[in-house]
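Observations on the three-dimensional arrangement
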Amino acid sequence: MADKNKFFGSRAFQKGGMAVIFTACVVALVILINVAASVLSDRFPLSLDLTVGQDYSMDLSDEYTDYLKKVDKKVNIIVCASEESFENSTFTSYMLRNLSLSDRVTGSVSDTTSKYARQVGVFVKDFAKLNSNFSISFRDPDSATDFAYVTGKYPSESFSYGDIIVECVHGVDNERYNVLHMSDYFSTEINNSIYYSYYTEAYDITGSTLASNLTSAVYVTSSENPVKLAVYTGSGCEVPDALSKLLERNNYELEKVSSFAEISGDAKAVIIASPTRDLNKESVDALDRYLKNSGNNGRNLIYIANTSSGTYYSTPILNEYLSEWGIQVTEGYVCETKDNLYNVQYPVYVAPVSAGSSYTADLDNNTKLSYPYGLFSAMKLSSEEKDYYTTESILKSSDTATYLPYSAPEDWLIDTSPITGPYDYVMQSTLVNTQSVESHVVAFAGDTFFGFDLFEKNLYQTDYLNAATFANAPLTLNIFNTLTGADEQETVEITTKTINTTSFYDKVSESGWPRAVRWVFIIVLPLVMIVAGITVFVVRKRK
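This text gives an overview of the structure that appears in the document. (Residues numbered from 1 in each chain as written. Predicted model: local features only at pLDDT ≥ 70, side-chain atom pairs only at ≥ 80, totals over all residues. Heavy atoms only, no water.)

As a further point, take the overall build of the protein chain. The number of helices and strands found in the protein chain is 15 helices and 22 strands. A total of 543 residues make up the protein chain; the buried ones form 43% of that total. Across the protein chain, the fraction of contacts at a sequence separation of at least 24, relative to all contacts at a separation of at least 6, is 73%. (Helix = DSSP H or I, 4+ residues; strand = E, 2+ residues; numbered from the N terminus. Buried < 20%, exposed > 50% of the residue type's maximum accessible area, 1.4 Å probe, protein only. Contact = heavy atoms within 4.5 Å.)

All told, the structure shown has 2 cavities of 30 Å³ or more when counted by the stated rule. Considered as a void within the structure, the largest cavity measures approximately 160 Å³ in volume. Considering the residues around the largest cavity, the lining is formed by 15 residues, among which Tyr303, Asn306, Tyr313, Thr315 and Tyr406 are closest to the centre. Going through the elements one at a time, β11 (327–335) and β16 (377–381) are the ones with two or more residues in the lining of the largest cavity. Among the residues forming the lining of the largest cavity, the class breakdown is 8 nonpolar, 7 polar and no charged. (1 Å grid on protein atoms, 1.4 Å probe; cavity = no way out; pocket = protein on both sides within 12 Å on 5 of 7 lines; lining within 4 Å. Points joined across faces, edges and corners; volume = space filled by probe spheres on them. Nonpolar A, V, L, I, M, F, W, Y, C, P; charged D, E, K, R; others polar.)

Time to look at the sheet that holds strand β17 (residues 389–396). If you trace the 8 strands from one edge of the open sheet to the other, you get β8-β7-β9-β10-β20-β19-β17-β14, paired in mixed fashion. Since the sheet does not close on itself, it has two edges, and those belong to β8 (252–257) and β14 (353–354), each with one partner. One ladder, built from 2 bridges, connects β14 with β17; its direction is antiparallel. Paired with serine 354 across the two strands is leucine 395, which belongs to β17. (Pairing = 2+ DSSP bridges.)

What follows deals with the nonpolar core. Side chains of a nonpolar character, in soluble globular proteins, are inclined to be buried together. Membership of the largest hydrophobic core comes to 71 residues, with the highest contact counts inside it found for Phe260, Val270, Ile271, Ile272, Phe444, Leu475 and Ile479. For this core, the element with the highest residue contribution is helix α13 (residues 472–484), accounting for 6 residues. If sequence neighbours within four positions are ignored, phenylalanine 260 has contacts with Tyr232, Val270, Ile272, Leu279, Ser283, Ala286 and Leu287. One finds Phe86, Met95, Ala117 and Val124 within the second-largest nonpolar core, a separate group that totals 38 residues. (Core = buried A, V, L, I, M, F, W, Y, C linked by side-chain atoms within 4.5 Å.)

Where burial is concerned, most of strand β9 (residues 269–273) is hidden: 5 out of the 5 residues are buried. Burial along β9 is two-sided: the residues Ala269, Ile271 and Ala273 and Val270 and Ile272 are all buried. In this sheet, strand β10 (residues 300–304) lies alongside β9 in parallel orientation, the contact comprising 4 bridges. Each bridged residue has a counterpart across the sheet, and for alanine 273 the counterpart in β10 is isoleucine 304. For the segment spanning β9, helix α11 (residues 281–292) and β10, crossover handedness is right-handed. (Right-handed = clockwise from strand over helix to strand, strands pointing away.)

Phe91, Thr92, Tyr94, Met95 and Leu96 are the residues of helix α4 (residues 89–98) that are buried. In this structure, the buried side of α4 is in contact with α5 (102–106), α6 (111–127), β5 (186–190) and β6 (203–208). Capping of α4 at its N-terminal end is provided by asparagine 88; its side-chain oxygen lies 2.9 Å from the backbone amide nitrogen of threonine 90. (Polar contact = N/O pair within 3.5 Å; in protein donor to acceptor, adjacent residues only side chain to side chain.)

Right, let's get into the packing of aromatic side chains. Summed over all chains, the structure comprises 22 aromatic pairs. Positioned over the ring face of tyrosine 423 is lysine 380, at 4.6 Å from the centre of the ring. (Phe/Tyr/Trp six-rings, centres within 6.5 Å; stacked < 30°, edge-to-face > 60°. Lys NZ or Arg CZ within 6 Å of the ring centre and 35° of its normal.)

Next up on the list: α11. Over its 12 residues, α11 extends 17 Å from the first C-alpha to the last, a length consistent with the 16 Å expected when each residue adds 1.5 Å. Here α11 has its buried residues at Ser283, Val284, Ala286, Leu287, Asp288, Tyr290 and Leu291. Of the surrounding secondary structure, the elements contacted by the buried residues of α11 are β7 (227–232), β9, β10, α12 (316–324) and β20 (438–444). Regarding α11, its N-cap is asparagine 280, as a side-chain oxygen of that residue lies 3.2 Å from the backbone nitrogen of glutamate 282 further along. Asparagine 293 lies just past α11 and shows a positive phi near 50 degrees. (Expected span 1.5 Å × (residues − 1).)

Laid out in structure tokens, this is it:
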């Protein structure tokens with residue numbers, strides 16, 4: 001027993017034993033840190049992108065993040081890919097093929113394409129960690145057994161590699177789901193040099209839309225009460241595809257009707273878009289009954305003129321009905337005489353300006369947003385005052401605008417055309433009953449407001465509602481949300497956002513971190529280690 005005590009009290013044990021104990025403690029601490037980091041990383045987005053351009057990062061706006069953290073329903077995110085392939089060159093290969101990217105034509109994958117591919121994998125995993133109600137799983141389409149869950153649950157759907165399914169169960173036989181395809185992850189534009197060199201259409205990625213579209217999928221599937229809209233399909237009407245997508249990803253449910261008598265009572269508005277034939281008198285009477293609702297009002301009409309086709313379609317009966325609401329239609333296209341308000345060579349391709357409406361109040365002071373060129377019918381609000389309605393211009397032309405008649409002679413010149421502006425590009429007429437309940441007619445003077453094919457070629461086609469630099473999408477949502485009462489509910493406007501590309505280095509540079517970090521790692525830490533070493537040496541020497 002004495003020998004044992006003597007051993008533990010010996011100098012050899014104190015030196016070697018303490019070293020062993022210290023080493024064991026350090027190893028245990030490292031293990032605990034790793035376990036904790038692993039647990040936390042599974043639940044929270046802890047990854048930090050230190051690349052100069054934050055190449056693998058996507059910043060959700062505060063509005064999106066705040067909304068996502070408050071979702072109180074179970075949301076399942078299913079990625080149609082194996083987890084391993086979703087983060088390697090397999091996903092990149094499918095990107096080249098599914099999106100017809102330029103890299104596929106040139107035969108080499110660009111650094112930019114690789115970064116966007118990697119960005120998707122990182123973002124989707126971090127997205128699922130924003131809320132404990134979110135879960136993510138990977139199902140490999142190349143494995144029949146692994147993908148059987150997806151095909152069995154959604155037998156009528158056709159899925160491709162890389163698709164993302166967002167599903168939310170609201171109760172028995174009440175599940176809502178949304179499918180995102182690879183084309184929903186990115187915004188693209190055609191590569192003109194490849195088009196003219198190889199005579200084939202190939203595209204370059206210009207930005208990521210995954211953040212907004214994935215947030216939208218959660219919003220739509222987890223919301224219990226979508227806002228219903230009727231879409232009139234008679235008279236050759238067809239809602240612009242960009243508008244349909246914008247509304248659907250903002251929790252609107254579009255119900256097609258071939259007559260106004262079919263509109264359900266819970267439809268907040270009816271859309272008449274891009275007609276190619278006139279309405280008949282019976283249809284107009286049915287539309288009027290819907291809007292006035294037996295004197296109860298509370299109904300709305302969204303009218304969108306057909307200008308994108310470049311073909312004039314005569315609709316005198318419909319135009320006459322619009323005039324009863326104070327909206328006058330002149331048979332022609334608006335032309336601007338001010339250089340800064342029309343496309344360089346084409347005075348009929350004009351840029352709207354704000355009329356100072358309440359709908360544009362939150363957009364007018366945003367210098368990053370603008371309204372692009374479009375082709376607009378010569379429409380304007382009546383100057384004649386009526387007791388039963390009030391009118392408001394939302395977007396308009398300049399006061400010096402004129403118009404090109406549809407039946408203009410070949411020698412027509414804008415310089416000799418009389419000034420007849422201003423014209424209204426987006427306008428509203430409001431009918432109020434004795435109980436102060438309103439019905440509205442909002443008219444868009446051209447479907448080119450939602451997307452425009454400037455030279456009538458797919459090569460130049462632009463989706464204005466999917467461009468972060470244009471105010472068209474937020475204005476459209478302001479109008480629809482206000483008319484339908486959706487703005488009175490807890491909503492989040494899902495529009496395309498510009499990804500923040502400020503690098504980690506830039507961020508710390510702005511805050512003065514580099515100098516502090518340099519002093520800590522170059523001076524302070526080495527000095528601390530030297531002092532600690534000398535102290536340990538002296539203490540052990542004295543013993």
